[in-house]
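Residues per chain are reported as follows:
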Amino acid sequence: MSDRTLRGKVAVAGVAETEYYKWGRSPDPEFKLAIQAILKACENAGVDPRDVDGFSSYSNDRSDASRMSAALGCKQLSFASMQWGGGGGGGSGAVANAAAAIATGQAECVVVFRALAQGQFGRFGQGPRSKVVSGPAAHTLPYGLMSAAHQFAMKVNRYMHDHGVRQEALRAISLAAYHHAQANPRAVMHGRPLDEAKYDESRWIVEPFHLFDCCLENDGAAAMVLVAAERAKDFPHPPCYLLGAVSGSQHRAGATVHNTPEYASSSFPTVAPRLYNMAQVGPSDVDVLQSYENFTGGVMMSIVEHGFCTAEEVNDFLTYENLVAPSGKLPLNTSGGNLAECYMHGLGLNIEAVRQIWGESTSQVPGAEISMVTSGPMVTPVSCCIFGSEATL
Amino acid sequence: MSATTPYLKPGLAKPVAAGDGLDAPYWDGLKEGKLILQRCNSCHKFQWGPEWVCHRCHSFDLGWAETPAEGILYSHQRIWHPVHPALAEQGPYVVALVELPAADNVRIIGNLVGDPMQPLVIGSAVRGVFEHHPDDDPPNTLLQWEVV
């Protein structure tokens, strides 16, 4: 096997999140939330926060790495990385960047984190309020195409048209997430179950997305502590190794004004094969999947582009029974995910994937050995990663 | 043809040419009732959105050419939830992604005018409707679409 891999070189020492709040409800400012999550993750790992020497984030996180290093009194800063791209496309990419730094000797202990306080900084799901607009947005915004839902709905409509996908496939993704959230006390939607009728009767945001096809908007922070694999057994948890992590997108995915050649796509066609190649596993080996839901349609395309079923099998494969733990063929978003646990730009999905390996999920898949995350479908770059237990090395 | 009434209620941001001038001929063309897109002077292919280099042949010699405002509905969305105060009373409206066969199948965004509850059929032939806003500050023209 080539040395140019992350497989088995990095381990997860600890994970944590703050309390998750509805958007605008955090009593604390964003930077303080980030600190809280990082300190909790270090405590979870049994790591002295002063020994953290790197920070990795994405989506232009505002909690600057140098300020964080100073605030925590870290002995030194060895690595500070920001993955390009908006939305949650960088969630697993930030893990990849941190892991690459450790694997190549640039840093020893890197924290991946994301913090959001929308009361402090404004909401995602609202259109800009400027009087004039220029650049690529000038070609969409004056036509009322201005939110994330608008940016992606036409990809999903085209995909559903091309492959005969029914609304019930999207609904199953939402039902599974809400089902898992009922077992997860951290979930914002804990205690607020969803059924088929409630989904069907919910208002359209933009067709084909009902209200329950759309992610939440939340305040909070999440963090993950990564170290070299040699240290994997020095911490309280069972060893959890990174088997692979990659990011990117297909040919000209970033072409403006919706001119991406492969338009009806989650942006994973070239990325997923590189992940499997690095991790040396295939889709049939994956025990449990956390797949970023900005909108359910993106999950649907991600699942196909990662080879769990073909486009023509979507209606049969994406059913509630197949997607729920512990019995489903592909337990999906077992914490409730971005739809029903919390929208922390998807880093909660990476944390949940690790908890599955540790056996600590609130919707545990028995004996989960290979646990996968796909981050931020339909944007560019997207990213994905696979964690594995000691038995998978 | 030109629209007599705007499709969307007023108050959304007005389009202006990018500060670096990259898409200025497009917006100038719309004001004259013409669809003018970027075309490479070396390989003679259209590209959209505009860029400083041809993605096919890497020529910097990029020109502009008029193309018929006639296309195919490539995808669509009917939007219900208003995310801007100007659209609070709008009700559902339709955004169309239109493929232009005469311009090497580049795609362009507009509204699909007419009844917002009309059937939305991918593959439908559509034609452009120039929606002029001469009294806006700054004056501008949007290119809308209707099913033929």
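The structure under discussion appears in the preceding block.
Criteria and thresholds
Residues numbered from 1 in each chain as written. Chains lettered and ligands numbered in written order. Predicted model: local features only at pLDDT ≥ 70, side-chain atom pairs only at ≥ 80, totals over all residues. Helix = DSSP H or I, 4+ residues; strand = E, 2+ residues; numbered from the N terminus. Rg over C-alpha atoms; globule rule 2.2 N^0.38 Å. Contact = placed C-beta atoms within 7 Å. Buried ≥ 20, exposed ≤ 12 C-beta atoms within 10 Å, placed from the backbone. Nonpolar A, V, L, I, M, F, W, Y, C, P; charged D, E, K, R; others polar. Pairing = 2+ DSSP bridges. Axes fitted to C-alpha atoms, helices over the stretch in contact; angles between N-to-C directions. Expected span 1.5 Å × (residues − 1). Parallel < 35°, antiparallel > 145°, perpendicular 65-115°, else oblique.

## A word on the overall build of chain B
(1) Moving on: A tally of regular secondary structure across chain B gives one helix and eight strands.
(2) Moving on: Counting from the amino terminus, helix and strand elements in chain B follow one another as β-α-β-β-β-β-β-β-β.
(3) Moving on: Relative to its length of 148 residues, chain B is compact, with a C-alpha radius of gyration of 16 Å against a globular reference of 15 Å.
(4) Moving on: Nonlocal contacts in chain B, meaning residues at least 24 apart in sequence, comprise 56% of its contacts between residues at least 6 apart.

## Here's the deal with the overall build of chain A
(1) Moving on: Within chain A, the secondary structure is distributed over 13 helices and 13 strands.
(2) Moving on: Its C-alpha atoms give chain A a radius of gyration of 19 Å, near enough to 21 Å, the size a compact globule of 393 residues would have.
(3) Moving on: With respect to the principal axes defined by its C-alpha atoms, chain A has extents near 50 × 50 × 45 Å.
(4) Moving on: Relative to its full complement of 393 residues, chain A shows a buried share of 62%.

## Regarding the interface of chain A and chain B
Much of the literature gives interface size as the accessible area that the parts lose upon coming together.
(1) Moving on: Listed by partner, the interface residues are 37 residues for chain A and 34 residues for chain B.
(2) Moving on: Among the elements of the structure, β6 (132-133), α5 (148-163) and β7 (204-206) of chain A are those that each provide at least two residues to the side of chain A that touches chain B.
(3) Moving on: Tallying contributions element by element places α5(A) first for the side of chain A that touches chain B, with six residues.
(4) Moving on: Classifying every residue of the side of chain A that touches chain B by side-chain character gives 16 nonpolar, 16 polar and five charged.
(5) Moving on: Here β6(A) runs beside strand β1 (residues 14-15) of chain B; their pairing, made up of two bridges, is parallel. Looking across to β1(B), one finds that Val132(A) is bridged to Lys14(B).

## Brief notes about the packing of helix α3 (residues 91-103) of chain A against helix α13 (residues 347-358) of chain A
All names here are of chain A.
(1) Moving on: The geometry of α3 relative to α13 is characterised by a closest axis approach of 8 Å and an angle of 65 degrees between their N-to-C directions. In contact with Gly-91, Ser-92 and Val-95 of α3, α13 contributes Leu-347, Leu-349 and Asn-350.
(2) Moving on: Here the contact of α3 with α13 is composed, by residue class, of three nonpolar, three polar and no charged.

## Brief notes about unusual backbone geometry
(1) Moving on: Cis geometry marks the peptide bond from Thr380(A) to Pro381(A), where omega comes out at -10 degrees.
(2) Moving on: Here Pro381(A) lies in the loop between β12 (370-375) and β13 (382-388).
(3) Moving on: The step from Trp48(B) to Gly49(B) runs through a cis peptide bond, and the omega angle for that step is -5 degrees.

## So, α13(A)
Residues and elements named next belong to chain A.
(1) Moving on: With 12 residues, α13 extends 17 Å between its outermost C-alpha atoms, agreeing within 8% with the 16 Å of an ideal straight helix rising 1.5 Å per residue.
(2) Moving on: Counting buried residues along α13, 11 of its 12 residues qualify, which places the element largely inside the surrounding structure.
(3) Moving on: Taken residue by residue, α13 has Leu-347, Gly-348, Leu-349, Asn-350, Ile-351, Glu-352, Ala-353, Val-354, Arg-355, Gln-356 and Ile-357 as its buried positions.
(4) Moving on: Phi turns positive one or two residues past the end of α13, at Gly-359, with a value near 75 degrees.

## Digging into the packing of helix α6 (residues 167-181) of chain A against helix α9 (residues 296-305) of chain A
All names here are of chain A.
(1) Moving on: Contact geometry for α6 and α9: axes closest at 9 Å, N-to-C directions at 100 degrees. By the criterion of interaxial angle, the relationship of α6 to α9 is roughly perpendicular. Here α6 contributes Ala-169, Leu-170, Ile-173 and Ser-174 to the contact with α9, which in turn contributes Thr-296, Gly-297, Val-299 and Met-300.
(2) Moving on: A class-by-class count of the residues in the contact of α6 with α9 yields five nonpolar, three polar and no charged.

## Thoughts on the environment of Asn277(A)
Residue and element names in this part refer to chain A.
(1) Moving on: For Asn-277, the location among the structural elements is in helix α8 (residues 271-279).
(2) Moving on: On the basis of neighbour count, Asn-277 is assigned to the partly exposed category, with 15 C-beta atoms found within 10 Å.
(3) Moving on: For Asn-277 and Thr-5, which are 272 residues apart along the polypeptide, the C-alpha to C-alpha distance reads 9.4 Å.

## Some words on the environment of Gln83(A)
(1) Moving on: Assignment of secondary structure puts Gln83(A) in strand β4 (residues 79-83).
(2) Moving on: Accessibility expressed as a C-beta count within 10 Å gives 25 for Gln83(A), which makes it buried.

Worth remembering: the numbers are spatial, not functional.
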